[in-house]
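Chain residues, written in single-letter form:
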Amino acid sequence: MSSSDIFIGETIGTAILILLGGGVCAAVTLKASKARNAGWLAITFGWGFAVLTAVYTSAPLSGAHLNPAVTLALAIKDKDFSNLPTYWGGQLLGAMIGAALVWVAYYGQFHAHLTDKEIVGGPGAQATTAKAVEAQEKGAGPVLGVFSTGPEIRNVVQNVLTEIIGTVVLVLAVLTQGLNDKGNGLGTLGALVTALVVVSIGLSLGGPTGYAINPARDLGPRIVHALLPLPNKGGSDWRYAWIPVVGPLIGGAIAAGIYNVAFA
C-alpha cells in the first residue's frame, strides 16, 4: 500500500465511521429527531454497523485500521512504525470530516435542541436531564456527547482503566481474528468480527465512559465541536480529553504485547 492509498483510505473510512457513529448519537439525543430517546441499544448497534460499513469501504485501500490504537498495535506486532504518521493523520482528518458531516445532516435538529430553554436554560426554564448531565460533566456542553465521550463518574484512574480494558479487548480481537491474509489490516470476515466486538464492548463496558476505545474517534470530533458555530453549545471538556486518547493507546500497546507473547 502506498502512503497516498493509506492516507486516503483512512480518511474516507474514518469519516464514514464517525458520520454513522456520531449520527446515531445525534439521532438519539437531539430534539425533532425521529429516533430521539431510542436508547443505548440503538447507540451500540449503530456504532457496530458504522464500523462494519467503514471497514468494508476502506479496507481495499488502507487495510481499514480506522483507529490509532489498532495502528499502534500492528506497528508493535510487526516492529514497523514507518507508516504510523500517515495512518494517524488520515484517521484524525477523517474523524473531523465525519463529525462535520453529522452537523450538516442534523443542522436543523442541532438548532432546535440548542435554542430550547429546557435544554440550555434561560428565563422560565425547568431543570432537565440534559442540564443535570451538563452539570455533572463540568464543562461539557449539552450536545458534546454527539461528538465525543464523557464519564458518568469522574475518576481519572477508573476512567483511564476503563478505556484501557475496552481497547485491549478490541485490539486482541482484531489481532487474533480480524486480520487479512497479509496481516496488515482487517479482512472481510474480520470486519464482521470487529463490528460485533465493538457492539459487545459498548453493551458491556460502555457505561462508565461511553467507550471511546479510539483516540481519533474522540479527539477529531471534539475539535470540530469546539470550532463549529453552534449556538449555546457549551464547553468541549478539554480537561477530560486526554483520557480517551491516552487510555486507548496504552490499551493498544498492551494488547500487542499480549499478542506477541501468547499468540505470535
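Thresholds, definitions, all that
- Residues numbered from 1 in each chain as written.
- Predicted model: local features only at pLDDT ≥ 70, side-chain atom pairs only at ≥ 80, totals over all residues.
- Heavy atoms only, no water.
- Helix = DSSP H or I, 4+ residues; strand = E, 2+ residues; numbered from the N terminus.
- Expected span 1.5 Å × (residues − 1).
- Buried < 20%, exposed > 50% of the residue type's maximum accessible area, 1.4 Å probe, protein only.
- Contact = heavy atoms within 4.5 Å.
- Polar contact = N/O pair within 3.5 Å; in protein donor to acceptor, adjacent residues only side chain to side chain.
- Salt bridge = Lys/Arg side-chain N within 4 Å of Asp/Glu carboxyl O.
- Phe/Tyr/Trp six-rings, centres within 6.5 Å; stacked < 30°, edge-to-face > 60°.
- Axes fitted to C-alpha atoms, helices over the stretch in contact; angles between N-to-C directions.
- Parallel < 35°, antiparallel > 145°, perpendicular 65-115°, else oblique.
- Left-handed = near helix turned anticlockwise from the far one by under 90°.
- Nonpolar A, V, L, I, M, F, W, Y, C, P; charged D, E, K, R; others polar.
- Core = buried A, V, L, I, M, F, W, Y, C linked by side-chain atoms within 4.5 Å.
- Patch = residues over 30% accessible without salt bridge, like charges linked within 9 Å, V, L, I, M, F, W, Y side chains within 5 Å.
- Areas by Shrake-Rupley, 256 points an atom, 1.4 Å probe, with all protein chains shown as cover.

A.B. asks: Describe helix 11 (residues 215-227), with residues and values.
C.D. replies: When the terminal C-alpha atoms of helix 11 are compared, their 18 Å separation across 13 residues agrees well with the 18 Å that a helix rising 1.5 Å per residue should span. Listed in full, the buried residues belonging to helix 11 are P215, A216, R217, D218, G220, P221, R222, V224 and H225. Lining the buried residues of helix 11 we find helix 1 (3-29), helix 2 (40-62), helix 3 (68-78), helix 4 (84-105), helix 8 (144-147) and helix 12 (243-262). Two or three places before A216, at the opening of helix 11, N214 has a side-chain oxygen 3.1 Å from that residue's backbone nitrogen.

A.B. asks: Hey, could you go over the environment of Q109 for me, with residue numbers and the actual values?
C.D. replies: With respect to the helices and strands, the residue Q109 is situated in helix 5 (residues 107-114). A C-alpha to C-alpha distance of 5.8 Å links Q109 and K31, two positions 78 residues apart in sequence. Ignoring sequence-local partners within four residues, the contact set of Q109 consists of L30, K31, A32 and S33.

A.B. asks: Any chance you could break down the pattern of salt bridges for me, citing the residues and the numbers?
C.D. replies: Going through the model one piece at a time under the given rule, you end up with four salt bridges. In this structure, D218 engages R222 in a salt bridge whose closest nitrogen and oxygen atoms are separated by 2.7 Å. With a gap of four residues between them, D218 and R222 both fall in helix 11, about one helical turn apart. Of the two residues, D218 and R222, both sit in the buried class.

A.B. asks: Residues and numbers for the packing of aromatic side chains, please.
C.D. replies: Following the criterion strictly, the structure yields five aromatic pairs and no others. Summarising the aromatic geometry, the rings of F45 and F49 are spaced 6.4 Å apart at their centres and angled 40 degrees between planes, so their arrangement reads as tilted. Taken together, the positions of F45 and F49, both in helix 2 and four residues apart, correspond to about one turn of that helix. Assessed through its relative accessible area of 37%, F45 is described here as partly exposed. Residue F49 is classed as exposed on the basis of its relative accessible area of 54%. Pairing F110 with F147 gives two aromatic rings, centres 5.7 Å apart and planes at 25 degrees, and the pair type is stacked. In this pair, F110 is assigned in helix 5 and F147 in helix 8, connecting sequence segments 37 residues apart.

A.B. asks: Describe the packing of helix 9 (residues 156-178) against helix 12, naming the residues involved and giving the relevant values.
C.D. replies: Contact geometry for helix 9 and helix 12: axes closest at 7 Å, N-to-C directions at 45 degrees. On the basis of the axis angle, helix 9 is oblique to helix 12. Classified by chirality, the crossing of helix 12 by helix 9 is right-handed. Each of V156, N159, V160, E163, I164, T167, V168, V171, L172, L175 and T176 in helix 9 lies in contact with helix 12, whose residues at this interface are I243, G247, P248, I250, G251, G252, I254, A255, A256, I258 and Y259. In terms of residue class, the contact of helix 9 with helix 12 is made up of 15 nonpolar, six polar and one charged.

A.B. asks: Before we move on, could you go through the side chain of T14 and cite the residues and values that matter?
C.D. replies: Within the fold, T14 resides in helix 1. When sequence neighbours within four positions are dropped, the list of residues in contact with T14 reads L66, Q91, G94 and A95.

A.B. asks: Describe the nonpolar core, listing the residues and the values that go with them.
C.D. replies: Ranked by size, the top nonpolar core spans 56 residues in total, and within it L17, W47, F110, F147 and L230 carry the most contacts. The dominant element in this core, judged by the number of residues it contributes, is helix 9, at nine residues. Those residues within four positions of L230 in sequence are excluded, and the remaining contacts are W103, F110, L114, V143, F147 and H225.

A.B. asks: Just give me the short version of a nonpolar patch on the surface, but keep the residues and values in it.
C.D. replies: A contiguous nonpolar patch, built from F7, I8, I12, L61, L93, I97, L101 and V104 and spanning about 610 Å² of accessible area, is present on the exposed surface. Contributions of two or more residues to the nonpolar patch are made by helix 1 and helix 4. Per-element tally for the nonpolar patch: the top contributor is helix 4, with four residues. The residue L61 is located in helix 2 in this model. For L61, a relative accessible area of 30% puts it in the partly exposed group.

A.B. asks: Before we move on, could you go through the packing of helix 11 against helix 12 and cite the residues and values that matter?
C.D. replies: Where helix 11 contacts helix 12, the axes come no closer than 8 Å and their chain directions differ by 165 degrees. Overall, the two elements helix 11 and helix 12 adopt an arrangement that is roughly antiparallel. The hand of the helix 11/helix 12 crossing is left-handed. Residues P215, D218, L219 and R222 of helix 11 form the contact with helix 12, whose own contacting residues are P244, V245, P248 and L249. Each residue belonging to the contact of helix 11 with helix 12 can be placed in one class, and the counts come to six nonpolar, no polar and two charged.

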